[in-house]
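# Per-entry structural report
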Amino acid sequence: GGLSPTTWRDCLSRLKTLSGDSREQLWSYVIAHPMTEYVPNQCQRCGHIVPDETTPGYTDAEVGISEVPPTASERPFVRDGYYRGARSAVA
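Residues numbered from 1 in each chain as written. Predicted model: local features only at pLDDT ≥ 70, side-chain atom pairs only at ≥ 80, totals over all residues. Heavy atoms only, no water.

Now for the overall build of the chain. On a plain count of helices and strands, the chain comes out with three helices and two strands. Traced from its N-terminal end to its C-terminal end, the chain shows the element sequence α-α-α-β-β. The buried share of the chain, reckoned over its 91 residues, is 12%. Within the chain, counting contacts between residues at least 6 apart in sequence, those at least 24 apart form 8% of the total. Carbon and sulfur atoms provide 55% of the accessible area of the chain, an area that totals close to 7,900 Å². (Helix = DSSP H or I, 4+ residues; strand = E, 2+ residues; numbered from the N terminus. Buried < 20%, exposed > 50% of the residue type's maximum accessible area, 1.4 Å probe, protein only. Contact = heavy atoms within 4.5 Å. Areas by Shrake-Rupley, 256 points an atom, 1.4 Å probe, with all protein chains shown as cover.)

Here it is, written out as structure tokens:
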């Protein structure tokens with residue numbers, strides 16, 4: 001009951017109260033909250049949802065990503081492994 005929270009801090013405070021002393025219950029509330037729900041990538045102009053690796057049923061090839069060695073200019077920013085994702089705008 002009561003007024004709806006207006007900020008994430010207000011919401012988190014209410015979730016802490018509801019969960020009592022249980023950190024596990026607090027995390028279950030946080031994970032289930034709409035503000036932490038996954039929002040897929042989408043075109044800001046038309047709203048078309050762009051499939052990504054978290055969209056079930058799509059392979060890397062269907063999404064348009066692959067693992068490739070980093071370029072010389074990317075190398076200083078890569079800790080280890082491969083660069084994953086598009087190197088230029090993809091629409």
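After that view of the structure, there is still more to cover.
Here we take up the confidence of the model for the chain. Looking at the chain as a whole, its pLDDT mean stands at 77, while 76% of the residues score no less than 70. The secondary-structure element of the chain with the lowest mean pLDDT is strand β2 (residues 83-84), recorded at 50, while helix α2 (residues 23-32) shows the highest, at 92. (pLDDT = per-residue confidence, 0-100.)

What follows covers the packing of helix α1 (residues 8-19) against α2. One way to put it is that α1 packs onto α2 with a least axis distance of 9 Å and a crossing angle of 140 degrees. In this view, α1 runs oblique relative to α2, as classed from their interaxial angle. Of the two possible hands of crossing, α1 and α2 adopt the one that is right-handed. Every residue of α2 that contacts α1 at W8, L12, L15, K16, L18 and S19 is listed here: Q25, L26, Y29 and V30. Tallied by class, residues from the contact of α1 with α2 come to seven nonpolar, two polar and one charged. (Axes fitted to C-alpha atoms, helices over the stretch in contact; angles between N-to-C directions. Parallel < 35°, antiparallel > 145°, perpendicular 65-115°, else oblique. Left-handed = near helix turned anticlockwise from the far one by under 90°. Nonpolar A, V, L, I, M, F, W, Y, C, P; charged D, E, K, R; others polar.)

As a further point, take the side chain of H33. Secondary-structure assignment places H33 in the loop between α2 and α3 (60-63). Given a relative accessible area of 18%, H33 falls into the buried group. Those residues in contact with H33 that lie beyond four places of it in its chain are W8, C11 and L15.

Checked against the element boundaries, V30 lands in helix α2. A sequence separation of 15 residues divides V30 from L15, and the C-alpha atoms of the two residues are 7.5 Å apart. If we ignore the near neighbours within four places in the chain, the residues touching V30 are W8, L12, L15 and T36.

On to the environment of C43. Considering the arrangement of structural elements, one finds C43 in the loop between α2 and α3. Ignoring anything within four residues of it in the chain, the contact list for C43 reads H48 and V50.

Moving on: α1. Between its first and last C-alpha, α1 extends 16 Å over twelve residues, near the 16 Å set by a 1.5 Å rise per residue. Elements that come into contact with the buried residues of α1 comprise α2. G20 sits one or two positions beyond α1 and adopts a positive phi of about 65 degrees. (Expected span 1.5 Å × (residues − 1).)

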